[in-house]
Amino acid sequence: AQGDLANVLKLIGSLHSNGGDYEKAGLFLDQSLALREKIAEQTGGSFEARLKLAQILQARGLIPFYDGDNKKAIEYYRRAQNLTETLRRE
């Protein structure tokens, strides 16, 4: 159920982002990100949980990028990249 909720929150955040309301988008994506981090922790870092975490990190990075805060966007993208590289090696 937590995974489904995280998916819905990500979708709503993406819709707000596509509509240009980056403040609302960030709120929904932050909630999704928090759930994905919790799920990854609860599952002992399962491959699927970490993959979905990397995906929400990448989506969350778009918001500061659109707002012109490239430094903050890069933080999210680096976290996603590091996680994705780990998954690729596995």
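It is worth spelling out the pattern of salt bridges at this point. Applying the stated rule across the entire model yields five salt bridges. The shortest N-O distance in the salt bridge between Arg-79 and Glu-37 comes to 2.8 Å. Remark: Glu-37 occurs in helix 2 (residues 22–42) and Arg-79 occurs in helix 4 (residues 70–89); sequence separation between them is 42 residues. When its relative accessible area of 39% is taken as the criterion, Arg-79 is described as partly exposed. Put simply, Lys-72 and Glu-75 hold a salt bridge, and the shortest N to O gap is 3.5 Å. Here Lys-72 pairs with Glu-75, and both are found in helix 4, just three residues apart, close to one helical turn. Residue Lys-72 is classed as partly exposed on the basis of its relative accessible area, which comes to 34%.

So, on to the environment of Lys-38. Relative to the assigned elements, Lys-38 resides in helix 2. C-alpha separation for the pair Lys-38 and Gly-3, spaced 35 residues apart in sequence, amounts to 9.9 Å.

Once that is clear, we can look at the nonpolar core. In terms of nonpolar packing, the biggest core is built from 15 residues, with Leu-33, Leu-53, Ile-56, Leu-57 and Leu-83 touching the most fellow members. The biggest single contributor to this core is helix 3 (residues 47–66), with seven residues. Contact partners of Leu-57, with chain neighbours within four places excluded, come to Leu-33, Tyr-76, Arg-79, Ala-80 and Leu-83.

Turning our attention to the environment of Gly-13. Secondary-structure assignment places Gly-13 in helix 1 (residues 2–18). Expressed as a C-alpha distance, the spacing of Gly-13 and Ala-1, which sit twelve residues apart in the sequence, is 18 Å. Contact partners of Gly-13, with chain neighbours within four places excluded, come to Ala-25, Phe-28 and Leu-29.

Thresholds applied
- Residues numbered from 1 in each chain as written.
- Predicted model: local features only at pLDDT ≥ 70, side-chain atom pairs only at ≥ 80, totals over all residues.
- Heavy atoms only, no water.
- Salt bridge = Lys/Arg side-chain N within 4 Å of Asp/Glu carboxyl O.
- Helix = DSSP H or I, 4+ residues; strand = E, 2+ residues; numbered from the N terminus.
- Buried < 20%, exposed > 50% of the residue type's maximum accessible area, 1.4 Å probe, protein only.
- Core = buried A, V, L, I, M, F, W, Y, C linked by side-chain atoms within 4.5 Å.
- Contact = heavy atoms within 4.5 Å.

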